[in-house]
Amino acid sequence: YVTAPQKCPYIKGKIERKLFTALYGRNSVKINDELSLQGFRRSQKVLYRPLCSNCSACLSIRVKVNEFNHSKSQIRVINKNKKLERIEKKPEATDEQYEIFKKYLNHRHLNGGMSDMDAIEFSSMIEETNVDSQIFEYWEFKNENNKKLVAVCLTDTNQDGLSMVYSFYDPKYHSQSLGRYMILDHINLTKIRNLDYLYLGYWIRENSKMGYKSSYIPAEVYYKNEWKEI
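Residues numbered from 1 in each chain as written. Predicted model: local features only at pLDDT ≥ 70, side-chain atom pairs only at ≥ 80, totals over all residues. Heavy atoms only, no water.

Draft legend 1. Looking closely at the sheet that holds strand β8 (residues 133-143). The strand order across the open sheet formed by eight strands is β7-β8-β9-β10-β11-β6-β12-β13, and the pairing between neighbours is mixed. With one partner strand each, in any of the chains shown, β7 (84-89) and β13 (226-229) form the two edges of the open sheet. On average, each strand axis in the sheet is tilted by 35° relative to the strand beside it, whichever way the strands run. Pairing geometry for strand β6 (residues 59-64) and strand β12 (residues 219-223), over three bridges, is antiparallel. (Pairing = 2+ DSSP bridges. Helix = DSSP H or I, 4+ residues; strand = E, 2+ residues; numbered from the N terminus. Axes fitted to C-alpha atoms, helices over the stretch in contact; angles between N-to-C directions.)

Okay, here's the thing in structure tokens:
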């Protein structure tokens, strides 16, 4: 189904509509794989993509990980976070995750659509999945008795790559560029798993909070029914 027109949260003066389809039943994994190749994104048990009149600013973007080369600044980000430990878990929400999630929204997206999400809604976002999903937690370990969760990413495994569904971090650690680090770490993870692409969601050139995704090249965007390199 198609949502009713509403104010675009990304570009001033634009109107947004989305095309949704439910993700249920024994063919959920196959449907998710096929529609991801057509620019759709998953949110819980729903797949969606923009369907806006006279606007194509939101483009699904994926990194070609096997051709990716780190820039000098990206190497510095990796070096800043060498002491972090990544832990892979089942998609289960925790109080620690939710605490960081709320701090992140208050810092980055105070008036966004997710800003009033409560703990139950957060748990649904993490746990309501019928595809191959994981939670990656990033911990700062000072010693056995002193450890702190600093960043989290909900990730799907598709037939040809990993898809970063949603990531967030403790804004106290903003200087460590944790958002960039999680993308770089996922590029490495995608290579390790012998997959070809890392899906980063929607790239919007005109929006500063969404335009950064083109920093990870070579990358492709889904435009006019095909993937094209940018």
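Draft legend 2. The packing of aromatic side chains, seen in detail. All told, the structure shown has 16 aromatic pairs when counted by the stated rule. Geometrically, the ring pair formed by Phe101 and Phe122 is tilted, given 4.8 Å between the ring centres and 40° between the ring planes. Placement of the pair is Phe101 in helix α3 (residues 95-108) and Phe122 in helix α4 (residues 119-127), with a sequence separation of 21 residues. A ring pair is formed by Trp139 and Phe141, whose centres lie 6.3 Å apart and whose planes are at 40°; its orientation type is tilted. For Phe141, a relative accessible area of 28% corresponds to the partly exposed category. A network of ring pairs unites the aromatic residues Tyr98, Phe101, Phe122, Tyr166 and Phe168 as a single cluster. (Phe/Tyr/Trp six-rings, centres within 6.5 Å; stacked < 30°, edge-to-face > 60°. Buried < 20%, exposed > 50% of the residue type's maximum accessible area, 1.4 Å probe, protein only.)

Draft legend 3. Inspection of the packing of helix α2 (residues 72-80) against helix α5 (residues 178-192) at higher detail. Close contact between α2 and α5 brings their axes to 9 Å; oriented N to C, the two are set at 95°. One finds that α2 runs roughly perpendicular with respect to α5. Here α2 contributes Ser73, Gln74, Val77 and Ile78 to the contact with α5, which in turn contributes Arg180, Tyr181 and Leu184. When its residues are assigned to classes, the contact of α2 with α5 shows four nonpolar, two polar and one charged. (Parallel < 35°, antiparallel > 145°, perpendicular 65-115°, else oblique. Contact = heavy atoms within 4.5 Å. Nonpolar A, V, L, I, M, F, W, Y, C, P; charged D, E, K, R; others polar.)

Draft legend 4. Seen up close, the sheet that holds strand β4 (residues 41-43). Across the sheet, which stays open at both edges, the three strands sit in the order β3-β5-β4 with antiparallel pairing between neighbours. Since the sheet does not close on itself, it has two edges, and those belong to β3 (18-22) and β4, each with one partner. In this sheet, neighbouring strand axes are inclined to one another by 30° on average, regardless of whether the strands run parallel or antiparallel. Across three bridges, the pairing between β4 and strand β5 (residues 46-50) is antiparallel. By the bridge assignment, Arg42 is partnered in β5 with Leu47.

Draft legend 5. Representation of the nonpolar core. In this structure, Phe101, Ile187 and Leu198 are the most contacted members of the largest nonpolar core, which totals 47 residues. With seven residues, the single largest contributor to this core is α5. With eight residues, the next largest nonpolar core counts Cys8, Phe20, Ala57 and Tyr202 among its residues. (Core = buried A, V, L, I, M, F, W, Y, C linked by side-chain atoms within 4.5 Å.)

Draft legend 6. The packing of α3 against α4, seen in detail. At a minimum axis distance of 11 Å, the contact between α3 and α4 shows a crossing angle of 105°. Taken together, the axis directions place α3 and α4 in an arrangement best described as roughly perpendicular. Contacts from Gln97, Tyr98 and Phe101 in α3 reach Ala119, Phe122, Met125 and Ile126 in α4. Here the residues of the contact of α3 with α4 are counted per class, giving six nonpolar, one polar and no charged.

Draft legend 7. Main features of empty space enclosed by the protein. The final tally for this structure, using the stated rule, is one cavity of 30 Å³ or more. Around the largest cavity sit Asn32, Ser36, Phe40, Arg41, Arg42, Asp156, Asn158, Ser163, Val165 and Tyr199, which together line it. Those elements giving two or more residues to the lining of the largest cavity turn out to be α1 (28-36), β4 and β10 (161-169). Residue composition of the lining of the largest cavity, by class: three nonpolar, four polar and three charged. (1 Å grid on protein atoms, 1.4 Å probe; cavity = no way out; pocket = protein on both sides within 12 Å on 5 of 7 lines; lining within 4 Å. Points joined across faces, edges and corners; volume = space filled by probe spheres on them.)

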